[in-house]
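# Understanding the architecture of this molecule
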Amino acid sequence: MYDIIIVGGGPAGLTASIYALRAKKSVLLIEKFSPGGQVVQTGKIENYPGFKSIEGAELSRLMFEQASDLGLEVVYSDILNYDITGKIKKVKTYEGEFEAKTIILALGAVARQLDVENEKKFVGKGISYCATCDGNFFKDKVVAVVGGGNTSFEDCLYLSDIVKKIYLIHRRDEFRGDAHTLEKLKTLALNGKIEFVLNSVVKELKGEEKLNSILVENKISKEVREIKVDGLFVAIGRQPDTALLKDILTLDKNGYIITDENMCTNVDGVYAIGDVREKRLRQIVTACSDGAIASVDIIDYISKNF
Ligand code: NAP
């Protein structure tokens, strides 16, 4: 039995593991894909203190290396079932069942879908939810990015070095993304690399085998415009993957796990950290902070309860 099972190997989970391993706790990390979480798919990161600019994949690699050097054990699998209301926490995976005194849920969040007909049909055939993963398939092509937050901004910046033209489609005329990056996009718009399509939503996806064009409706004028595109990058936020936990933990109306300031959920010995937690600011630095806080509380919890 482990002291801690951490589910999810993004910055939150890796930081929690570093703090726990340094306190000589045994830790098993269960990760679905590759360690690093969403950060692996992020291009340049310029707001993580200590690095003026670093690639997401490199920052993830460094965090994982640090945890591995401390003795982190990793199992790569999805979770099939959580049995975590008792004193001993059990999780079932494709690689078997594992037990621990405590569990940290660092599940992150998955890309939100547009919810337009044929969206699933065109995934991998024009539609992508990850510009850094798929951008290179669209060299010198015309693409659209949907969204108005920092992810859509970063997608545009990343794609601007690869594609011929980008339509940035946003449902309002004010953006959520930061002003500094917006200035960079405006400069690209002056050169015709980016065209802002504001107050607009994607209504229809057209194409036979592959996506050819999109119908975009202006929400104010109701005018519908057909835009020929080879690719459509959906960057409209993320949502937590907490379906398996909804009858166990207290979630907010959007499915995020509610914790106290020590990252404790409503179940003793169960913690939630990073983007899966209900909170205001979802950044790498806040994910790391959550991880450190949870592990410090767990060290105390284990000494009092075991
Ligand atoms: P976000 O900030 O939640 O923005 C999502 C955007 O998509 C919003 O502009 C929203 O429009 C729009 N949207 C939501 N649902 C939509 C729908 N069904 N149809 C059309 N548009 C829709 O998500 P995000 O950009 O992925 O960022 C998530 C978090 O990560 C944020 O806290 C962000 O700051 C952070 N982040 C930080 C960095 C960085 O600092 N380097 C990079 C990437 C992300 P409305 O504005 O109208 O709601």
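Residues numbered from 1 in each chain as written. Predicted model: local features only at pLDDT ≥ 70, side-chain atom pairs only at ≥ 80, totals over all residues. Heavy atoms only, no water.

### Some words on the environment of Val229
Here is the rule we go by: Counting from the N terminus, the helices are DSSP H or I runs at least four residues long and the strands are E runs at least two residues long. Exposure is judged per residue with a 1.4 Å probe applied to protein chains only, and the accessible area is read against the type maximum: over 50% gives exposed, under 20% gives buried, and values in between give partly exposed. Contacts are assigned to residue pairs that have any heavy atoms within 4.5 Å of one another.
Relative to the helices and strands, Val229 is located in the loop between β16 (224-228) and β17 (231-234). A relative accessible area of 2% places Val229 in the buried class. Sequence separation of Val229 and Tyr167 is 62 residues, and the distance between their C-alpha atoms is 8.9 Å. The residues touching Val229, leaving out its near neighbours within four places in the chain, are Val142, Val143, Ala144, Tyr167, Leu211, Asn212, Ser213 and Ile214.

### So, the side chain of Ser295
Mapped onto the elements, Ser295 comes out in helix α6 (residues 284-305). Other than its neighbours up to four places away in sequence, Ser295 contacts Ala16, Tyr19, Ala20 and Ile104.

### Observations concerning the packing of helix α4 (residues 150-160) against helix α5 (residues 179-190)
For clarity, the threshold we go by: Geometry is summarised by axes, namely lines fitted to C-alpha atoms with helices restricted to the contacting stretch, and by angles between N-to-C directions that run from 0 to 180 degrees. Any angle that falls under 35 degrees is termed roughly parallel, while one over 145 is termed roughly antiparallel, one within 65 to 115 roughly perpendicular, and all others oblique. Should the near helix be turned counterclockwise from the far one by less than a right angle, the crossing is left-handed, whereas a clockwise turn marks it as right-handed.
Contact geometry for α4 and α5: axes closest at 10 Å, N-to-C directions at 40°. Compared by their axis directions, α4 and α5 come out oblique. For the pair α4 and α5, the sense of crossing is left-handed. Across from Phe153, Cys156, Leu157 and Ser160 in α4, the residues of α5 making contact are Thr181, Leu182, Lys184, Leu185 and Leu188.

### What about α4?
Our working definition: Starting at the helix axis, one direction is taken to each C-beta atom, and the arc is that of these directions.
Those residues of α4 lying buried are Ser152, Phe153, Asp155, Cys156, Leu159 and Ser160. Buried residues of α4 fall within an arc of 160° about the axis and therefore sit on the same side. Where α4 is buried, its residues touch α3 (131-134), β11 (142-146), β12 (165-169), α5, β13 (194-197) and β17.

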